[in-house]
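Each chain, letter by letter, is given below.
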Amino acid sequence: MSEAARELSVAVTGAGGAGVISCGELLLQAWARCGGRGLLRKAFGPQIRGGESAALLKLTPTERYTAAGRYDLLVALDWVNFSRFQDEIRVDPGTLVICDKEQDLPDAIAGLGAQVIGLPLQELASATHPEGRVNMLVTGLLGSLLEIPSALLVELAAEKLAGKPAAYREAAAACIEQGAGQAVDCTLALPPRKGGATWYLTGNQAAAFSALEAGIRFVAAYPITPASDVLEWLAGGLEQVGGELLQAEDELAAINMVIGAAYGGVPAMTATSGPGLALMTESIGLAVASETPLCILDVMRGGPSTGIPTKSEQGDLNIALYGLHGDAPHLVLAPLDIADCVFTVAWSIRLAQGLQVPALVLSDQFIGQSSAVVSEPRRCDWPVLDSRPPAAELDYLRYRLGGTGVSPAAVPGDPGQRFTADGLEHNERGTPSASQSDHSQQLDKRRDKLLSLEYGPDWGRVVGQGALGLVCFGSAAAAAEEAAELLQVQGVETRTVALRLLAPLPAAGLIAALEGCSHLLVVEQNHGAQLYHYLRSELALFGSAASFARPGPVPLAGHDIARYVLEELQP
Amino acid sequence: MNEAIKLRAKDYKSAVKPIWCPGCGHFSVLNALTKALAALAIERDDTVLVSGIGCSSRLPAYVDSYGFHGVHGRGLAIAQGLKVARPDLTVLALGGDGDGFSIGGNHFLHACRRNVDMTYIAMDNEVYGMTKGQASPTTPIDWSNSKLTPHGPGVRPFKPAAVALACGAPWIARGYSGNPNQIARLLAEAIQYPGFSFLHVLTQCITFCPEQTDWKAIVHEREEPALQDEDAAAGLFFHEDGFETGLLYQQARSVWPPERGPVADESAAITALADRFRVAPC
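Residues numbered from 1 in each chain as written. Chains lettered and ligands numbered in written order. Predicted model: local features only at pLDDT ≥ 70, side-chain atom pairs only at ≥ 80, totals over all residues.

J.: Sorry if this is basic, but what is going on with the overall build of chain B here?
T.: Each helix and strand in chain B was counted, giving nine helices and ten strands. In terms of overall size, chain B behaves like a compact globule, its C-alpha atoms giving a radius of gyration of 21 Å where 282 residues would be expected to give roughly 19 Å. Its C-alpha atoms give chain B principal-axis dimensions of about 80 × 50 × 40 Å. Per-residue burial for chain B yields a buried fraction of 49% across its 282 residues. Taking contacts inside chain B between residues at least 6 apart in sequence as the whole, the part at least 24 apart equals 69%. (Helix = DSSP H or I, 4+ residues; strand = E, 2+ residues; numbered from the N terminus. Rg over C-alpha atoms; globule rule 2.2 N^0.38 Å. Buried ≥ 20, exposed ≤ 12 C-beta atoms within 10 Å, placed from the backbone. Contact = placed C-beta atoms within 7 Å.)

J.: Would you explain the overall build of chain A in this entry?
T.: The secondary structure content of chain A amounts to 19 helices and 21 strands. Projected onto its principal axes, the C-alpha positions of chain A cover 80 × 60 × 40 Å. For chain A, the residues scored as buried account for 57% of the 571 residues in total. Within chain A, residue pairs in contact and separated by at least 24 positions form 73% of the contacts whose partners lie at least 6 positions apart.

J.: Any chance you could explain the sheet that holds strand S11 (residues 294-300) of chain A here in plain terms?
T.: Adjacent strands of a sheet form backbone hydrogen bonds with each other and so pair up, either parallel or antiparallel. All names here are of chain A. Read across the sheet, seven strands follow the order S9-S8-S10-S11-S13-S12-S19 without closing on themselves; strand pairing throughout is mixed. The sheet terminates laterally at strand S9 (244-247) and strand S19 (501-503), the two strands that pair on one side only. Put simply, the sheet's adjacent strands are angled 20 degrees from each other on average, direction ignored. By the bridge criterion, two bridges tie strand S12 (residues 331-333) to S19 in an arrangement that is antiparallel. Following the sheet pairing, Val332 is matched in S19 by Ala503. Along the sheet, helix H13 (residues 340-355) contacts S11, S12 and strand S13 (358-364); its crossing angle with S13, the most-contacted strand, is approximately 165 degrees. (Pairing = 2+ DSSP bridges. Axes fitted to C-alpha atoms, helices over the stretch in contact; angles between N-to-C directions.)

J.: Is there a simple way to explain helix H6 (residues 150-160) of chain A in this structure?
T.: One turn of the α-helix equals 3.6 residues, which is why residues spaced by three or four share an orientation. Residues of H6 of chain A that are buried: Ser150, Leu153, Val154, Leu156 and Ala157 of chain A. Projected down its long axis, H6 of chain A shows its buried positions confined to an angular sector of 170 degrees, all on one face. (Arc of directions from axis to C-beta.)

J.: Is there a simple way to think about the interface of chain A and chain B in this case?
T.: For interface size, the figure often reported is the accessible area lost on association. Listed as interface residues are 52 residues of chain A and, on the opposing side, 46 residues of chain B. Ranked by residues supplied to the side of chain A that touches chain B, first place goes to helix H10 (residues 251-263) of chain A with nine residues. Partitioning the side of chain A that touches chain B into residue classes produces 29 nonpolar, 14 polar and nine charged. Examined bridge by bridge, strand S15 (residues 420-422) of chain A and strand S2 (residues 66-69) of chain B share three bridges and lie parallel to one another. What sits directly across from Ala421 of chain A, in S2 of chain B, is Phe68 of chain B. (Nonpolar A, V, L, I, M, F, W, Y, C, P; charged D, E, K, R; others polar.)

J.: Got a minute to help me understand the nonpolar core in this structure?
T.: In globular proteins that are soluble, nonpolar side chains generally tend to be buried together. If you look at the biggest cluster of nonpolar residues, it comprises 259 residues, and the most contacted ones within it are Val219, Val258, Ala268, Leu297, Ala480 and Val523 of chain A. Ignoring sequence-local partners within four residues, the contact set of Ala480 of chain A consists of Leu470, Cys472, Thr496, Ala498, Val523 and Ile561 of chain A. Membership of the second largest hydrophobic core comes to seven residues, among which are Trp20, Cys24, Cys205 and Cys209 of chain B. (Core = buried A, V, L, I, M, F, W, Y, C linked by C-beta atoms within 7 Å.)

J.: It is not clear to me how the pairing of strand S4 (residues 73-76) of chain A should be interpreted in this structure. Could you clarify?
T.: A regular strand carries its side chains on alternate faces of the sheet. Residue and element names in this part refer to chain A. Residue alternation in S4 divides its side chains into two sets, Leu73 and Val75 and Leu74 and Ala76, and both sets are buried. With four bridges connecting them, strand S1 (residues 8-15) and S4 associate as parallel partners. Pairing of Ala11 across the sheet is with Leu74, part of S4. Bridging between S4 and strand S5 (residues 96-100) involves four bridges; their strand directions are parallel. Following the sheet pairing, Ala76 is matched in S5 by Cys99.

J.: Just to check I follow, could you spell out the sheet that holds strand S9 (residues 220-221) of chain B for this structure?
T.: Read from one edge to the other, the open sheet built from nine strands follows the order S15(A)-S2(B)-S1(B)-S3(B)-S4(B)-S8(B)-S7(B)-S10(B)-S9(B), with strand pairing classed as mixed. Unpaired on one side and paired on the other, S15 of chain A together with S9 of chain B mark the two borders of the sheet.

J.: When you look at helix H4 (residues 105-114) of chain B in this model, what are you seeing that I'm missing?
T.: Of all the residues in H4 of chain B, the buried ones are His107, Phe108, Ala111, Cys112 and Arg114 of chain B. Projected down its long axis, H4 of chain B carries its buried residues within an arc of 165 degrees, all on one side. In this fold, the buried residues of H4 of chain B make contact with H10 of chain A together with helix H2 (75-85), helix H3 (97-103), strand S4 (118-124), helix H5 (160-166) and strand S8 (196-202) of chain B. Two residues or fewer past H4 of chain B, Asn115 of chain B is found with a positive phi of approximately 60 degrees.

J.: For this particular structure, what's the right way to read the packing of helix H5 (residues 134-145) of chain A against helix H7 (residues 166-180) of chain A?
T.: The description of two helices packed together rests on the angle between their axes and the distance between the axes. Residue and element names in this part refer to chain A. Where H5 contacts H7, the axes come no closer than 6 Å and their chain directions differ by 40 degrees. When the axis of H5 is compared with that of H7, the two are oblique. Of the two possible hands of crossing, H5 and H7 adopt the one that is right-handed. Contacts from Met136, Leu137, Val138, Thr139, Gly140, Leu141, Gly143 and Ser144 in H5 reach Ala172, Cys175, Ile176, Glu177, Gln178, Gly179 and Ala180 in H7. Here the residues of the contact of H5 with H7 sort into eight nonpolar, six polar and one charged. (Parallel < 35°, antiparallel > 145°, perpendicular 65-115°, else oblique. Left-handed = near helix turned anticlockwise from the far one by under 90°.)

J.: Whenever I open this one, the environment of Gly52 of chain B confuses me. Can you help?
T.: Residues and elements named next belong to chain B. Assignment of secondary structure puts Gly52 in the loop between strand S1 (47-51) and S2. Residues Gly52 and Arg74, 22 residues apart in the sequence, show an inter-C-alpha distance of 5.7 Å. In this structure, Gly52 is in contact with Ser57, Gly70, Val71, His72, Gly73, Arg74, Gly75, Gly95, Asp99 and Gly104, ignoring residues within four places of it in sequence.

J.: I keep staring at unusual backbone geometry and nothing clicks. Help me out?
T.: The residue after Thr225 of chain A, namely Pro226 of chain A, is reached through a cis peptide bond having omega 0 degrees. Pro304 of chain A follows Gly303 of chain A through a cis peptide bond whose omega is 0 degrees. Position of Pro304 of chain A relative to the elements: it lies in the loop between S11 and helix H12 (317-322). A positive phi is found at Glu126 of chain B, a non-glycine position, where the angle reads about 60 degrees. Inspection of the secondary structure assignment puts Glu126 of chain B in the loop between S4 and strand S5 (127-128).

Structure (structure tokens):
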């Protein structure tokens, strides 16, 4: 059996507030403690309470986490809320369906030919304890199917409910045990549990932690889905390390507060999503012009406008690359997966500091809000570049020309290096200037400093050596790599190139990585094929490339990409 | 840095020549500011002037301190971020009526609420000068000298002091460009005040609003001490003519962010945060 076949995917759906996410969290945490690997994707409707929510578990033998293409097991607490996920949760005759037997099966499920097990879920939960809840009963039930000791689930539930009335913990424990004791007539092929030391976290937590570890000590931000949990984590985290988080009145304020702190020499960042990024763009240009280092984490969601706030899409590449007015070179990066948020966010911060530019980091709802079990994440050992001027430089020129284009940056308090940072075009001293020569020289300076840096091998992740090249960025990496594996089985030698650094485009590295490719396919999760058009405009190599661009919210899946390759590209 | 020799006001001026028109009221604020900084013997290296866009927002480049000339309307946001991150610095934000009350109006509201320990100077000439004379939020309702609003803005003027009070600003004063010594005195107080001090300065624009030379006859200095009662201040700010100068309102309010003790060991704290992610095998 291939490794892919030994994955097990489980969907638990219910009303928002019914606790299906808690159920998924408990199961994956327990699975992790038993040495297993897995991903918990969280899907929500737009309402906070009373909408629909789904815990989408994928237990795997490896740490390559894509969304499940189909589900081996579906637990529907009710059918109305399940129906809202019909496009996203694919079930087939091989799916085992567990549901409340008091509820009528919808025709689509009844006609599926799948094994359906109806249990009196609600009745059992209520009979077990006055505070009994179905989600805990299902947790116990699934726990026993996944061969997780019920005592471990009870322990984790007690931790989760610490601070709640004791009756809730008793009810949870009783329902978990009751669920675990249910006889369910089925056997599941479980993926092997690898063991070893692991972390359990979301991409948003990974990004927030990485920021603190990289030295961020000031954050200003405005709440926005799906980035708010980055900020909530940082609020507590910054307090631990003596930093400050400022909840701003809007994103216009947030980005400028970050600019103020960074100008003061304190490493600073903000986190937002598409609409917030759109509001920030004018001032990101100010950071470019004033050469102020900062980091903006964009946890992308479906767009344009309010779009689909709770679901994932890679639609902000264009605004990240081209959204600033004027010629405004800056950094754009994208973490490739949940664990990679730890590396990429820190690297972005280091690069921004070293180059005195804003760095835009394109995460998304999929990796931001999914929880995963990962090996200890790789850290960024990129050095902190000290670009302060030598003490008391006479006739200090903040925007001095020459060298790499990076000029020593004094910060307030530095003796005798006083200057005014400016969004107006300026001369080397920083004095406003509208002259052709100052403008050309400063434009060159701001471009050259980005182009003169050697970014090293971390610009992307290259897997395989086949003649078919799948090129993607950010969170599309896992789906592309999954597709490559499936294609390999079909005899199509494939390689994947996942870009971590998007701007400046690592052209030399990309060309070298794609050497010998006969076919190129650019893979991304958006409607307009933004990466495809970017690569075509920058590199002749992509002149004959094909595009696989699919909008969210349905996640990219390896088998869809592989099928496209086999049917359309016929390499 | 300890500047060994006592600096005079002119030592706080930079070599950059102002772009302002002759007779512009902003010169008075520049002079008063350098005078106040000299009087308080504030270190130039530890002072930051932050501004947005507009004629008045050009001021930071004219002072020999650190400065940041940002984008339109966001000076207050930059200044607050800087002050919160670097509480050791003396931070002043400044800008015009359009910058502060129109495009940056939301930041003005929330800066008043937040009460970060800094000073905000609004240089109010009731007109957009840099874009050549359009109505601003404080322009009189019937001012018809702009081609953009040839029948006058037709909109009730914004009352900066009343809005500041409603949003919780604890220190509100008003100056007039015809009386730079008073501005200097108010600025010295504003800088020393522990909290968000809002100095509204009527700065005439003789280029686009020559009628403002009449202000000289209208302004009147407050003789009584500053009001401390919010209701009384509301009464004043709603019903006054807008030309009363001096320290008008002052209260004690706790600043943001609240002071927290130093962190003993940052790297131990980060290790502890990482440990929260580690899975305990069973």
